[in-house]
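# Coordinate analysis (summary)
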Amino acid sequence: MIRTLIIMSVWYNNRTQRVCNMYASEANLLFVIKCILKINPYTLVFSAMSISVFYFGFAIRICESPLQRDKDNQLFHNMLNSMWNIIITMTTVGYGDYFAQTHLGRFVIFFVCMWGVFIVSMMVITLNNTLETSNLENKAIVVVQRLQIKNEMKQYAAFVLTSTIKTYLLNRKQQLTKDFKKQFQIKLRFYLHQLKIAQRQYRDMTDENLTEEMLDLQKVQKKISQVKSYKIISEILPK
């Protein structure tokens, strides 16, 4: 049944075989499974999980049927109990409430364990591929980070400029106390240090497609270098 469904898919036809021959690849069943796993991964994984639970559940119920004659050993008399045992085994949980007692049933459970490891690993890979960011998303993340850092730079620069001008005016009016001057020097050094760190982080986030952002940064740096408040800072800070 599974083979028939795979053959009837759009990935297994004459056109696909011709395209695969052009690129020196084989359009076999494994190629079809890879295509479905790449295009519709969750559909394939959950379909394989559901079919496996039903198929192996029925198999373990048949293998454990000789024990159903005993009233004390009717664990797999119900199909739901058999399917529950397969689910617990495939997901490597293993509660131990239902377990195989015949040799043939244990042999089936061994294959269920191997197949369950494969299914769980496919689930993990599918989830990882879903949460993995694409190239465009990575570029968008870089742009957002650069904009956040630019806002931080503006805040630090605004504090430095306003505080410096305010302190300079108080100093001219001779209303500047020593305690206020010390506190201002500490805060000024801190924000200047944070501003340099933000500028360094902004430069480190380089991208070939972000030339406009780099040009804006250069314009901002030129304007900052032309501000006369840097002279005021050099006068206030002790050498």
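Residues numbered from 1 in each chain as written. Predicted model: local features only at pLDDT ≥ 70, side-chain atom pairs only at ≥ 80, totals over all residues. Heavy atoms only, no water.

## Looking at the environment of His193
- Looking at the element boundaries, His193 is found in helix H8 (residues 178–204).
- For the pair His193 and Tyr156, spaced 37 residues apart in sequence, the C-alpha separation works out to 9.5 Å. (Helix = DSSP H or I, 4+ residues; strand = E, 2+ residues; numbered from the N terminus.)

## Re the nonpolar core
- Membership of the largest hydrophobic core comes to 13 residues, with the highest contact counts inside it found for Ile60, Ile86, Met90, Val108 and Val112.
- Among the elements of the structure, helix H4 (41–63), helix H5 (79–90) and helix H6 (103–131) are those that each provide at least two residues to this core.
- If you tally residues by element for this core, the top one is H4, at five residues.
- Membership of the second largest hydrophobic core comes to six residues, among which are Ile149, Met153, Leu195 and Tyr202. (Core = buried A, V, L, I, M, F, W, Y, C linked by side-chain atoms within 4.5 Å. Buried < 20%, exposed > 50% of the residue type's maximum accessible area, 1.4 Å probe, protein only.)

## A word on the layout of surface pockets
- Taken as a whole, the second largest pocket encloses approximately 180 Å³ of empty space.
- Of all the secondary structure elements, the ones that give two or more residues to the lining of the second largest pocket are helix H3 (29–39) and H6.
- Looking at the lining of the second largest pocket, the element that brings in the most residues is H6, giving five residues.
- Partitioning the lining of the second largest pocket into residue classes produces four nonpolar, three polar and two charged. (1 Å grid on protein atoms, 1.4 Å probe; cavity = no way out; pocket = protein on both sides within 12 Å on 5 of 7 lines; lining within 4 Å. Points joined across faces, edges and corners; volume = space filled by probe spheres on them. Nonpolar A, V, L, I, M, F, W, Y, C, P; charged D, E, K, R; others polar.)

## Quick notes on the packing of aromatic side chains
- All told, the structure shown has nine aromatic pairs when counted by the stated rule.
- When the centroid spacing of 6.2 Å and the interplanar angle of 10° are considered together, the rings of Trp84 and Tyr95 count as stacked. Here the residue Trp84 occupies a position in helix H5, and Tyr95 occupies one in the loop between H5 and H6, the gap between them amounting to eleven residues.
- The class of Trp84 is partly exposed, set by a relative accessible area of 35%. (Phe/Tyr/Trp six-rings, centres within 6.5 Å; stacked < 30°, edge-to-face > 60°.)

## So, a nonpolar patch on the surface
- Judged by side-chain polarity, Leu104, Phe107, Phe110, Phe111 and Met114 come together as a nonpolar surface patch covering roughly 540 Å² of accessible area.
- By the secondary structure assignment, Phe111 is in helix H6. (Patch = residues over 30% accessible without salt bridge, like charges linked within 9 Å, V, L, I, M, F, W, Y side chains within 5 Å. Areas by Shrake-Rupley, 256 points an atom, 1.4 Å probe, with all protein chains shown as cover. Salt bridge = Lys/Arg side-chain N within 4 Å of Asp/Glu carboxyl O.)

## Section: the side chain of Thr126
- Mapped onto the secondary structure, Thr126 falls in helix H6.
- In this structure Thr126 comes out as buried when scored by relative accessible area, which is 5%.
- Residues in contact with Thr126, not counting those within four places in the same chain, are Leu37, Pro41, Tyr42 and Val45. (Contact = heavy atoms within 4.5 Å.)

## Things to note about the UniProt feature "transmembrane region" (unreviewed entry) in the protein chain
- The feature "transmembrane region" (unreviewed entry), as annotated in UniProt, sits at residues 42–62, 82–100 and 107–127 in this numbering.
- The span residues 42–62 carries 100% helix and 0% strand; its end-to-end C-alpha distance comes to 30 Å.
- Along residues 82–100 one finds 47% helix and 0% strand; the C-alpha atoms at either end are 10 Å apart. (UniProt positions renumbered as here; feature names shortened; annotations may be inferred.)

## Observations concerning H4
- Here H4 is 23 residues long and its end C-alpha atoms lie 32 Å apart, about the 33 Å a rise of 1.5 Å per residue gives.
- Along H4, the positions that sit buried rather than exposed are Pro41, Val45, Met49, Ser52, Val53, Phe56, Gly57, Ile60 and Cys63.
- The inward-facing, buried residues of H4 contact H3, H5 and H6. (Expected span 1.5 Å × (residues − 1).)

## Comments concerning unusual backbone geometry
- Positive phi is not limited to glycine here, since Ala24 has a value of about 55°.
- Position of Ala24 among the secondary structure elements: in the loop between helix H2 (14–22) and H3.
- Phi at Thr92 is positive, roughly 55°, even though this residue is not glycine.
- Relative to the elements of secondary structure, Thr92 occurs in the loop between H5 and H6.

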